[in-house]
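# Coordinates in review
Listed below, chain by chain, are the residues.
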Amino acid sequence: MKPIPFNNRYADLGENFYARITPAPVSNPALVIFNQALAEELGLADTCLASSDGAAILAGNRVPEGAAPLAMAYAGHQFGHFNPQLGDGRALLLGQIGRPDGTLADLHLKGSGRTLFSRGGDGRSALGPVLREYLVSEAMAKLGVPTTRALAAVSTGEQVARQELLPGAVITRIASSFVRVGTFEHFSSKSDLDAVTKLADYVIGHNYPDCRGAPQPYRAWFEAIIDRQAALIAQWMQLGFIHGVMNTDNMSIAGETIDYGPCAFMDHYTHDQVYSSIDHHGRYAYNNQPNIGLWNLTRLAESILPLLAETTEDAVEAAQAALGEYAGLYQGYWLNGMRAKTGLDIRLDEDKALINDLFDVMAENQADFTLTFYYLSRLAIDSTDQDESLRALFNDLGQIDHWLDQWRSRLKKENSDAEGRQARMQATNPVYIPRNHQIEAAIRAAEDQDDFTVFHDLHAVLQTPYERQPNKDVYMWPPEPDEVVQQTFCGT
Ligand code: AMP
Ligand code: MG
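This one's a predicted model, so the numbers in the text were calculated from it and none came from an experiment.

## Let's talk about the coordination of the magnesium ion (ligand 2)
- Every protein donor of the magnesium ion (ligand 2) is accounted for by Asn250 (OD1) and Asp259 (OD), and the metal-donor separations fall at 2.0 to 2.1 Å. With respect to burial, Asn250 and Asp259 carry one shared label: buried.

## Here we look at the environment of Tyr284
- Topologically, Tyr284 is positioned in the loop between strand E12 (264–265) and helix H7 (289–308).
- Overall, the relative accessible area of 1% leaves Tyr284 in the buried class.
- Each residue touching Tyr284, except ones within four places of it in the same chain, is listed here: Phe79, Gly80, Ile242, Gly244, Val245, Met246, Asn247, Asp279, Gln289 and Ile292.
- Within the local environment of Tyr284, its side chain forms a polar contact with the side chain of Arg283, the two groups lying 3.1 Å apart.

## Points about the nonpolar core
- Ranked by internal contacts, the top residues of the largest apolar core, which has 124 residues, are Tyr10, Phe184, Trp221, Leu376 and Trp407.
- Considering every element that reaches this core, the biggest residue donor is helix H6 (residues 217–239), with 12 residues.
- Per-domain counts for this core show at least three residues from each of domain 1 (10–178) and domain 2 (211–431 + 476–492).
- Apart from residues no more than four positions distant in its own chain, Leu376 is found in contact with Lys341, Thr342, Leu358, Leu371, Leu390, Trp403, Leu404, Trp407 and Met425.

## Comments concerning helix H4 (residues 181–189)
- Here H4 lies mainly inside the structure; 7 of its 9 residues are buried.
- Buried within H4 are the following residues: Val181, Gly182, Thr183, Phe184, Glu185, His186 and Phe187.
- Close packing links the buried residues of H4 with strand E4 (76–78), strand E5 (81–83), helix H5 (193–207), H6 and H7.
- Looking one or two residues beyond H4, the residue adopting positive phi is Ser191, at roughly 55°.

## Observations concerning the domain arrangement of the protein
- When cut into domains, the protein gives domain 1 (10–178) and domain 2 (211–431 + 476–492).
- Computed over C-alpha atoms only, the centres of domain 1 and domain 2 are separated by 28 Å.
- Listed per partner, the contact involves 28 residues of domain 1 and 33 residues of domain 2.
- Counting each side, the surface lost to burial between domain 1 and domain 2 is near 2,400 Å², with a carbon and sulfur contribution of 59%.
- The largest per-residue losses of area from domain 1 upon contact with domain 2 belong to His77, Phe79 and Arg132, which jointly make up 27% of the total buried on that side.
- Seen at the junction of domain 1 and domain 2, the total is 1 salt bridge.
- For Arg173, the salt bridge goes to Asp259, with nearest N and O atoms at 2.8 Å.
- Counting every contact that joins domain 1 to domain 2 gives 10 residue pairs in polar contact (both at pLDDT 80 or more).

## What about the site of ligand 1?
- Close to ligand 1 lie 18 residues; Gly87, Gly89, Arg90, Arg119 and Gly123 are nearest.
- Within the contact set of ligand 1, an oxygen atom lies 3.1 Å away from a side-chain nitrogen or oxygen of Asn250.
- If ligand 1 stood free it would expose 480 Å²; the protein chains cover 87% of that surface.
- Counted by class, the shell around ligand 1 contains 2 nonpolar, 8 polar and 8 charged residues.
- Mapped onto the domain boundaries, the shell around ligand 1 takes at least three residues apiece from domain 1 (10–178) and domain 2 (211–431 + 476–492).

Definitions and limits used
- Residues numbered from 1 in each chain as written.
- Chains lettered and ligands numbered in written order.
- Predicted model: local features only at pLDDT ≥ 70, side-chain atom pairs only at ≥ 80, totals over all residues.
- Heavy atoms only, no water.
- Donors = N, O, S within 2.8 Å, 3.2 Å for Na, K, Ca; no water.
- Buried < 20%, exposed > 50% of the residue type's maximum accessible area, 1.4 Å probe, protein only.
- Helix = DSSP H or I, 4+ residues; strand = E, 2+ residues; numbered from the N terminus.
- Contact = heavy atoms within 4.5 Å.
- Polar contact = N/O pair within 3.5 Å; in protein donor to acceptor, adjacent residues only side chain to side chain.
- Core = buried A, V, L, I, M, F, W, Y, C linked by side-chain atoms within 4.5 Å.
- Domains from an automatic or database assignment.
- Buried area = accessible area lost by both parts, 1.4 Å probe.
- Salt bridge = Lys/Arg side-chain N within 4 Å of Asp/Glu carboxyl O.
- Near = heavy atom within 4 Å.
- Areas by Shrake-Rupley, 256 points an atom, 1.4 Å probe, with all protein chains shown as cover.
- Nonpolar A, V, L, I, M, F, W, Y, C, P; charged D, E, K, R; others polar.

Below, the structure written as structure tokens:
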């Protein structure tokens, strides 16, 4: 059996970046799921992680050779308010591993027990949120969205106390980095420029190596971060994904979707949809996500300001110039993504209005987000035969028929062939997303009946979300009225 190729560089940053920790063992670890394909990608397939001992390691009962478990320190703005003392309170970085391509991946356990940063929390996770994160993060990966990955979920054999007693679990997550915007805020709030610089150099070296050669590496790096966030949030918006807690401590510096809590995909389109039970004022509503992205990046700018120029004045100017690009970058990514979803290849000024009109019609008719675009992609080959499935999503047929007329006249300006157009549309309009009611059903069966088949079936369908699969239509449909999930919870 090969050793796990640990290469723990974060630990080198120094003791002020983390607290070393031994994971707290659990009574009866059992593997719920192991992501063999991801293990192979990471070069972990022949290691003890993938062996029968794996569950003990992935539950934190055994620390494998070469691991250097630590809880990462960070701060963050939570719902707009600065909290100087957050950090991994129920998670730990088991170690970092060298991927076959030479880059590093952080291997994190979540639910692994108390740490120096746990405050009043128990450091544990219930099974439900673990299954939810596993399903949604893996679905995001298969949908093509940058994200942390799920390597494994283990049940602990122990119970955790929330509103009620719930079965406990630990999820193993993989990220290009678990450094957050809040990690920079942590050091900046202590005026520790040395640490901010060290951390920036670390992140640039591992996650933005191209910026090293730029004339002004820190500025190039900040611009690259802005670019990745704009692209990421545009992808969320194109899929109807709502992160739910876009606090700065939940924003990855590497541009990946991170910290899946009360996240959700919307069913019928509502522009200001909120699911999270704790988001009382809609700060993290669907349509507010692009703005919050900029708000968080502005907090990052404040934290790294001294790196951007010699004088504060110049640094503020540089930061403002870079942040000023965000809206245009976001709009560009969004519009191009939406053009792909609606089969438009050439770029015309009129496209934005056409696309926004569709969203307006969807909102007025409470049309299902995912199905609208999926059925639209089936209409790419110019035929009105299949209009019925799309029309069935709308109450006011006049509105959608009018929009389809406009869309078809717009398509006449395209040079591309219809087959190619349809293939491109189908590659960006999924058939399946992890729908809230399906996730809920998977959790209910696992928690209440110890039945994981519902979870496994849903997970299997979400492996190829862009392909219609035989006998799997049940996963396409929006919830029946009695299945609608109104609220989602952090589960912490
Ligand atoms: P979140 O926004 O859910 O990612 O978590 C915010 C902060 O609360 C982080 O510092 C977490 O580590 C901490 N936290 C959440 N749940 C727990 C828990 N059960 N025990 C200890 N700390 C927790
Ligand atoms: Mg978090």
